[in-house]
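# Chains, contacts and geometry: an overview
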Amino acid sequence: MTSSRRMRGLAIAAALLLVLTACTAGFGNLKLRIAAGNSSGVYYKLAQPLASAWQADLGIDRPQVLQTQGSPDNVVKVLAGQADVAFVAADVAADRYQAHPGFAALARVHDDYLHIVVRADSDIRSVSQLSGHRIAIGSPQSGVEFIAKSLLIAVGLRDSVSTTPRGLDESVSALLNHEVDAFFWSGGLPTPKLADPDNRSRLRLLDLADVMPKVQALSPVYSTATIPASTYGQLLPVTTLVVPNFLVVPKSMPDEVAEALVRGLFDARPQLASANPAALSIDVHPGIETQPIPLHPGALRYYRAQKT
């Protein structure tokens, strides 16, 4: 009996060791792809240190950071199994979720501020004065294009402007070269391309205060904020539209992976803030605010644990 009990004890111990080993190395074979927008944007700047943090925290190969067109493209990639994590603007996420609810949120990360930019010497002083002008509205399949088209429709300018799809770098060049008269950009503060000393003195932001009621009616995720004059060396602060950003994943992601990713996100806040000041707003308390996109069960488990 003693020998039998000893054998059973050894068998149990071996099984426990196997379980513990599996748990410890459970993420070792995990491969992640992060859909992160263009290389000039805040998404991409934050994705790089986040990938490194997840590599260290989970003991996995460094996640691949994918350059994409932006939020709509990112959602498509997650739903198609071409990305495992994506940065997505909340308005795009809310719009796509209605038809394709195959993804869930890990966290609200930072907020984007809508920039409508003209040349510093331009006669254009308000959104209504964009009528009759040439406007760059962001890259195709980008969150910028999504919000630009929505705003132009909301304020009745869709048929009175000429639009061209251009990314941020192209938009800045086109504006300064007089190929367009204004451009849209949605990004964190500050957006490095716009804060560049060679550009900031030649650019000016339009104030959106007079059109905000119409624009906010487009989506429950929209809110109003001010871009301080000091952000880009402007003479005056401007009122503009704020759009939250979410990290989203497929609903099929295992709970333990989602929980680990959320933990790694918040643990990496110092590194993210060093990459871009927009990450200074990343915090557990606003992080849970991802309505109307539901939190992944693994993410919810993490947030609940923080309250105990």
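Check the entry above for the structure.
Moving on to the overall build of the chain. A count of helical and extended segments in the chain gives 14 helices and 10 strands. Structurally, the chain occupies a C-alpha span of about 95 × 40 × 35 Å along its principal axes. In the chain, which comprises 308 residues, the share counted as buried stands at 52%. Of the roughly 14,100 Å² of accessible surface on the chain, a fraction of 54% belongs to carbon and sulfur atoms. Each charge sign in the chain was given a centre, from 27 positive and 26 negative side chains, and these centres are 8 Å apart.

This part takes up the pairing of strand 10 (residues 238-250). In summary, the side chains of a regular strand alternate between the two faces of the sheet. Burial analysis of strand 10 places 12 of its 13 residues in the buried class, which makes it a mostly covered element. In this sheet, strand 10 lies alongside strand 4 (residues 103-119) in antiparallel orientation, the contact comprising eight bridges. The residue bridging aspartate 112 from the neighbouring strand is valine 243, located in strand 10. As defined by bridge partners, strand 9 (residues 223-227) adjoins strand 10 across five bridges and the pair is classed as antiparallel. In the strand pairing of strand 10, isoleucine 227 is matched with valine 238.

On to helix 3 (residues 71-79), then. Of all nine residues in helix 3, seven are buried; the element is thus mostly enclosed. When helix 3 is considered as a whole, its buried residues turn out to be Ser71, Pro72, Asp73, Asn74, Val75, Lys77 and Val78. Phi for glycine 81, located one or two positions after helix 3, is positive at around 75°.

Conventions adopted
Residues numbered from 1 in each chain as written. Predicted model: local features only at pLDDT ≥ 70, side-chain atom pairs only at ≥ 80, totals over all residues. Heavy atoms only, no water. Helix = DSSP H or I, 4+ residues; strand = E, 2+ residues; numbered from the N terminus. Buried < 20%, exposed > 50% of the residue type's maximum accessible area, 1.4 Å probe, protein only. Areas by Shrake-Rupley, 256 points an atom, 1.4 Å probe, with all protein chains shown as cover. Lys, Arg positive; Asp, Glu negative; His and termini not counted. Charge placed at Lys NZ, Arg CZ, Asp CG, Glu CD. Pairing = 2+ DSSP bridges.

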